[in-house]
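Descriptive structure summary
The lines below spell out each chain.
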Amino acid sequence: GDSVTQMEGPVTLSEEAFLTINCTYTATGYPSLFWYVQYPGEGLQLLLKATKADDKGSNKGFEATYRKETTSFHLEKGSVQVSDSAVYFCALSKGDYKLSFGAGTTVTVRA
Amino acid sequence: ETGVTQTPRHLVMGMTNKKSLKCEQHLGHNAMYWYKQSAKKPLELMFVYNFKEQTENNSVPSRFSPECPNSSHLFLHLHTLQPEDSALYLCASRAKVGAGGQETQYFGPGTRLLVL
């Protein structure tokens, strides 16, 4: 079945460091790919998405490129801030009603 | 900015209590979801409603009973819960399910439930 694997955390960084969270997927066909973020005490928020190969999603300084050849959708940010501390979830959709989520990666940014 | 609200935000209940969680979406969507988020576990899909019809029950115990009176409201009725049911319960909505439907789900802030 369809699945998403993302790097295990927790990840701890200093402010202004470069962040990468790896995400790979297993799916037939052409899924859409998402990154969601969950700040402490809140629900999930859509961070960015890409619907076809080579698409790049971007938002709030975060970027991820849909790589079909490596079945990956890695999340990157060039300079993180304390406010980026959150749990990040990679997810995929095959066009039906379900989202398949990764386990989540906890990121802590220290001042 | 989320157009999905959930009440209450926090709930403590005993194992013999009956309570209900409420979700309301202000986005004009037609599909609504309940998820359970437990510590150190992946997000678990519980129920899906599309145009008020239940399309998914992911082997959820009968002590959880969903209700969807219209496309804007979703309830989760709780009775005789167990301590292991303590978790964050998240509601989500999306525009519609089916051909041409946008796949993005929009989440509410969740209800933090503690069962004593």
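Look up a bit, the structure's there.
All values reported here derive from a predicted model rather than from experimental measurement. (Residues numbered from 1 in each chain as written. Chains lettered and ligands numbered in written order. Predicted model: local features only at pLDDT ≥ 70, side-chain atom pairs only at ≥ 80, totals over all residues. Heavy atoms only, no water.)

1. Observations concerning the overall build of chain B
Here is the rule: Segments assigned H or I by DSSP are reported as helices when at least four residues long, segments assigned E as strands when at least two residues long, and all are numbered from the N terminus. Between the two quantities, the radius of gyration covers C-alpha atoms and the globule rule is 2.2 Å times the number of residues to the power 0.38.
Of the regular secondary structure elements, chain B holds zero helices and 11 strands. Helices (α) and strands (β) of chain B occur, in sequence order from the N terminus, as β-β-β-β-β-β-β-β-β-β-β. In terms of overall dimensions, chain B is globule-like: its C-alpha atoms have a radius of gyration of 14 Å, near the 13 Å expected for 116 residues. When its C-alpha atoms are laid out on the principal axes, chain B stretches across 45 × 30 × 25 Å.

2. Some words on unusual backbone geometry
Here the residue pair Gly9(A) and Pro10(A) is connected by a cis peptide bond, since its omega of -5 degrees sits within 30 degrees of zero. In this structure, the amide linkage connecting Thr7(B) to the following residue, Pro8(B), adopts the cis form with an omega of -10 degrees. Within the secondary structure, Pro8(B) sits in the loop between β1 (4-7) and β2 (10-13). Although it is not a glycine, Asp54(A) sits at a positive phi angle of roughly 75 degrees. Mapped onto the fold, Asp54(A) is located in the loop between β6 (44-50) and β7 (56-59).

3. Notes on the nonpolar core
For clarity, the threshold we go by: We define a nonpolar core as any set of buried Ala, Val, Leu, Ile, Met, Phe, Trp, Tyr and Cys residues linked to one another through side-chain atoms lying within 4.5 Å. Under the scheme applied here, a residue whose accessible area is under 20% of the maximum for its type counts as buried, over 50% as exposed, and between as partly exposed, the area being computed with a 1.4 Å probe on protein chains only.
Formed by 26 residues in total, the largest nonpolar core has its most connected members in Trp35(A), Phe73(A), Leu75(A) and Tyr88(A). Only β2 (11-14), β3 (19-21), β4 (23-26), β5 (32-38), β6, β8 (62-65), β10 (86-93) and β12 (105-110) of chain A provide two or more residues apiece to this core. Residues Leu74(B), Leu76(B), Leu81(B) and Cys91(B) belong to the second largest nonpolar core, which totals 22 residues.

4. Here we look at the sheet that holds β8(A)
Residues and elements named next belong to chain A. Defined as follows: By the convention used here, strands pair only if DSSP detects at least 2 bridges between them. Inter-axis angles, ranging from 0 to 180 degrees, are taken between N-to-C directions of lines fitted to C-alpha atoms, where helices are fitted over the stretch in contact.
Strand order in the open sheet formed by four strands is β3-β9-β8-β7, and the pairing between neighbours is antiparallel. The open sheet has two free edges, formed respectively by β3 and β7, since each of these has just one partner strand. The mean inter-strand angle of the sheet, taken between neighbouring strand axes irrespective of direction, is 15 degrees. In terms of strand pairing, β7 meets β8 through four bridges, oriented antiparallel. Counterpart to Ser-58 in the pairing with β8 is Glu-63.

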